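Structural features, examined
Read off the chains here:
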Amino acid sequence: MNSWPRRVFKLSLVLLVAGGMVLVYLNAHLSKQFDSLSWAVGAKIYARPLELYQGAAFNQTQVVYELRLLNYQQVNGQPGPGQFRQAEQALVVGMRGHRYPDGEEPERLVRISFDQNAIRGIQTADAAVVDLVRFEPAVLAQLSGTHADRELVSLHDLPSTFIPLLLTVEDRGFYAHQGISITGIGRALINNVISGRFAQGGSTLTQQLVKNLYLTRERTLTRKALEAVYAIMLDASFEKDAILRAYMNEVFLGQWGNRAIHGFGTAAQFYFGRPIAELNIAEQALLVGLVKGPSALNPRRHPERALERRNLVLRMAMETGLVSAEQTADAMALPLSVPAQPADRIGRFPGYVAAVRRELTADYTSQQLTAAGLSIYTALDPQVHRGLVAGRADVLRRLKDRGLDPTAEAELGALVVDLPTGEIQAMLAGRRDVGGFHRALDARRQIGSLAKPFVVAAALEADPRLHAGSLIRDEAIQLTDSTGTVWSPKNYDETEAGVVRLENVIADSVNQATVHLAVGVGLDAILDRMGDYGLPIGPTRPPATVLGVSEMSPVAIASLYQALLNQGHQTPLKTVRFVADGEGRVLNRKPFASQRIFPAGVAVQVDHMMRVGAEAGTGRAFGSRYAEVLASKTGTTDDGRDAWFVGADGRRLGVAWVGFDDNRKGNLIGSVVALPLISDAFSDIQRQDRPTSLPDSLKYGWLGRSGELVAQDCPDAQKRPIPVGYLDVPKGQCQGQSGTGSQGSWLERWFGG
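Residues numbered from 1 in each chain as written. Predicted model: local features only at pLDDT ≥ 70, side-chain atom pairs only at ≥ 80, totals over all residues. Heavy atoms only, no water.

**Regarding the overall build of the protein**
Helices and strands together make up the secondary structure of the protein, namely 24 helices and 33 strands. Pairs at least 24 residues apart make up 68% of the contacts formed inside the protein by residues separated by at least 6 positions. Accessible surface, the protein: about 33500 Å² in total, of which carbon and sulfur atoms supply 51%. (Helix = DSSP H or I, 4+ residues; strand = E, 2+ residues; numbered from the N terminus. Contact = heavy atoms within 4.5 Å. Areas by Shrake-Rupley, 256 points an atom, 1.4 Å probe, with all protein chains shown as cover.)

Structure (structure tokens):
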């Protein structure tokens, strides 16, 4: 009889001990997980920072453009961080500050004064002169393989009103309860009984965090019981502020496609494009209101609901004394001010970001790029990008107005490169800023007349007696290729000049003269050298290669012209300057590399011929637009299927291709539909003249109308770089020695003596 109670007692004791052991294990496991809690933070891709100093070539409009790109807000009063005020020939800016690998740029108030198109001076609020300010770089993208964006914040990053506002709405007893709220559970239980269904959970912030981190979202009593146990354990083991910080960075606040928006820091950037510290009370209320139901209260899809919820949060804040009645009325009168598209970094520069990602895959794994919190500093120049985008709009409008693209299917690819460093400063992948096929990187199309400068370069290497004034036949010519096909190239306008100067082969893009030049020097030798430069020749070595039947991408063309216009030195093209880890340590900074592709004298002579093209040839619409000395080359393929343009000043090179993906006949012309893309890209930057310095193998001489060497004071004499082997012409001699070279030269034989 007495054994039964003892058995029950023993069983109860065993169950109690076992339950205690389970709780101890759960607590240890939970504590370990929470203590080591970390989030996968994708790599951030940055543009180049805006650096200002006395004399920097930026006007007020350009600086305002970049401030708006960084989502600085214009105000009338004294600017705070992330704000600016315009004054007469000056800007007063509250800089946010940024931690760069080479030092910290402090948060401070500065006054930037302007003098026409340059910075006159920079001062702090106490009138101290500042030598240099460096704004935080614009975020181009944040890479994430977990389909979640996350902008981590600490509690001191939050506005002073944010935590009280959140607790007022979600958990007023947060700092008093032990993880669960008995009154909240009781209130939820009564409401659920009345409604006859599981309609309200009564969860504290701690319970919400536990559910997000460790449990499913199913609404069952078992899950709620586990949630309560976990919340009590978590509250007993960790400080309230640690729990609150985890909640701030974990709470789900929206969705954009397959990308989840977690944490208030991320949501502030996603909905408003600014750090959470800069949000006003109305914007804070909107974010707090989203906790109740991010989908149902999405301000982009359901603005009326979001506005109603925001105003309810503001009234609750007023009832608790957090804000005054006047502040509440002012805040409730404000619009939501949430743009239709994400206000943060998602999708603003897809063409450039795609190139960055491709470059990074050579050195980093997908895990490193999506979870290691890397900072990737690139060369993207917002001013150049703005011009390139404007050029794209101009080109698409021209195509439509001229009836060349009635179905809006024309495509394009373009990029701008810094000549000395090879850094890609801007890039467009197509007519729209969407993902998919990248035409600047991958569209291999016939290059047309862009081949001519390389034919001339090869000829100059083969016969150093050639120069800009050398006379070349411009007459009909027939060639038979290796398959027996007869090739009879014609000039674009189907006219013949008889003879043209060598520089006009490039400047005026003369087809027949190009072929005569190649045949006169030796077609095989020309093709061999073009192959050495990097142009694809093909196994059948078609003679039409000299007129551009080779297929290349815009980025490959840019690499060749970068060398040609950089005195023969080729620098690998790149988008990434360096990569830093989460602690700011530089992980990868590629050393500067360069190799010589062209002899300096050859490259400089071709460069000057391209300058004639920009001044008076097929690229004159580019050269005449600006006062600086520029260089250019146009390209058009048969039936106008492809239109190309290459343009350069003393610092930058731009390349553009326009055509159709299906390679249809388009009647496109390089100077009409490709040139404006690059011309506009140079509109919002400081342009420089092409350099005038010459290598030792050249000197400046003067050419007459027929290409002969003459004295400087002769009528119509033109200054050109000439190989030093030519004799000086005495001053006053205006019928100088011929540009055809010495007796017995190939040119005399080619012209028949």
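Now, onward.
**Quick look at the packing of aromatic side chains**
If you walk through the whole model with that rule in mind, you get 15 aromatic pairs. Here phenylalanine 270 and tyrosine 271 contribute two aromatic rings whose centre-to-centre distance is 4.9 Å and whose plane-to-plane angle is 80°, an arrangement assigned as edge-to-face. Across the pair, exposure class does not vary: phenylalanine 270 and tyrosine 271 are buried alike. One aromatic cluster in this structure is built from Tyr46, Tyr100, Tyr377 and Phe578. (Phe/Tyr/Trp six-rings, centres within 6.5 Å; stacked < 30°, edge-to-face > 60°. Buried < 20%, exposed > 50% of the residue type's maximum accessible area, 1.4 Å probe, protein only.)

**What about the nonpolar core?**
Ranked by size, the top nonpolar core spans 109 residues in total, and within it Leu52, Val93 and Phe135 carry the most contacts. For valine 93, the residues in contact, after removing those within four places along its chain, are Leu67, Tyr72, Gln83, Phe84, Arg108, Leu109, Val110, Ile112 and Phe135. Judged by nonpolar contacts, the second largest core, of 53 residues, contains Leu158, Leu244, Ala246 and Ala317. (Core = buried A, V, L, I, M, F, W, Y, C linked by side-chain atoms within 4.5 Å.)

**Section: the confidence of the model for the protein**
Per-residue pLDDT for the protein has a mean of 87; in total, 86% of the residues score no lower than 70. Note that pLDDT drops below 50 for residues 738-746; the model gives that stretch 21 contacts with residues more than four away or on any other chain. (pLDDT = per-residue confidence, 0-100.)

**Re empty space enclosed by the protein**
For the coordinates displayed, the defined rule picks out four cavities of 30 Å³ or more. Its volume calculated, the largest cavity comes out at about 60 Å³. Every residue lining the largest cavity is listed: Glu359, Leu360, Asp363, Tyr364, Val576, Arg577, Phe578, Asn588 and Lys590. Elements represented by at least two residues in the lining of the largest cavity include exactly helix H12 (350-360) and strand S25 (576-580). (1 Å grid on protein atoms, 1.4 Å probe; cavity = no way out; pocket = protein on both sides within 12 Å on 5 of 7 lines; lining within 4 Å. Points joined across faces, edges and corners; volume = space filled by probe spheres on them.)

**Focus on unusual backbone geometry**
Most peptide bonds adopt trans geometry, and most residues besides glycine take a negative phi value. Even without glycine at this site, glutamine 89 takes up a positive phi of about 55°. For glutamine 89, the position within the fold is in the loop between strand S4 (83-87) and strand S5 (90-95).

**Examining the packing of helix H3 (residues 162-170) against helix H10 (residues 303-319)**
Relative to each other, H3 and H10 sit at 100°, their axes nearing to 10 Å. Taken together, the axes of H3 and H10 are roughly perpendicular relative to one another. Counted together, Leu165, Thr168, Val169 and Glu170 of H3 and Arg309, Val313, Met316 and Ala317 of H10 form the full contact between these two elements. Residues that form the contact of H3 with H10 fall into these classes: five nonpolar, one polar and two charged. (Axes fitted to C-alpha atoms, helices over the stretch in contact; angles between N-to-C directions. Parallel < 35°, antiparallel > 145°, perpendicular 65-115°, else oblique. Nonpolar A, V, L, I, M, F, W, Y, C, P; charged D, E, K, R; others polar.)

**Description of H10**
Between its first and last C-alpha atoms H10 spans 24 Å; for 17 residues at 1.5 Å apiece the expected length is 24 Å, and the two agree. When H10 is considered as a whole, its buried residues turn out to be Ala306, Arg309, Arg310, Asn311, Val313, Leu314, Met316 and Ala317. Elements that come into contact with the buried residues of H10 comprise H3, helix H9 (281-290) and helix H11 (325-332). Downstream of H10 by a residue or two, glycine 321 has a phi angle that is positive, lying close to 85°. (Expected span 1.5 Å × (residues − 1).)

**Digging into the layout of surface pockets**
When its volume is computed, the largest pocket comes out at roughly 1600 Å³. Residue assignment for the lining of the largest pocket shows that the elements contributing at least two residues are strand S1 (44-46), strand S6 (98-100), strand S11 (139-142), helix H8 (264-272) and strand S15 (375-378). For the lining of the largest pocket, the per-class residue count stands at 17 nonpolar, 14 polar and 16 charged.

**Section: the pattern of salt bridges**
In total, this model carries 37 salt bridges according to the counting rule given. With its nearest N and O atoms 3.2 Å apart, the salt bridge here joins aspartate 381 to arginine 48. With a gap of 333 residues between them, aspartate 381 in the loop between S15 and helix H14 (382-401) and arginine 48 in the loop between S1 and strand S2 (51-53) connect regions that are remote in the sequence. The class for aspartate 381 is buried, based on a relative accessible area of 9%. Using a relative accessible area of 10% as the deciding quantity, one classes arginine 48 as buried. In this structure, glutamate 503 and arginine 501 form a salt bridge, with 2.8 Å as the shortest nitrogen-oxygen distance. A residue is classified by how much of its surface remains accessible, and glutamate 503, at 3% relative accessible area, is buried. (Salt bridge = Lys/Arg side-chain N within 4 Å of Asp/Glu carboxyl O.)

**Here's the deal with the packing of H9 against H10**
One way to put it is that H9 packs onto H10 with a least axis distance of 8 Å and a crossing angle of 110°. Accordingly, the angle class assigned to the pair H9 and H10 is roughly perpendicular. Between H9 and H10, the residues in contact are Ile281, Ala282, Ala285, Leu286, Val288 and Gly289 and Ala306, Arg309, Arg310, Val313 and Leu314, respectively. Classifying every residue of the contact of H9 with H10 gives eight nonpolar, one polar and two charged.

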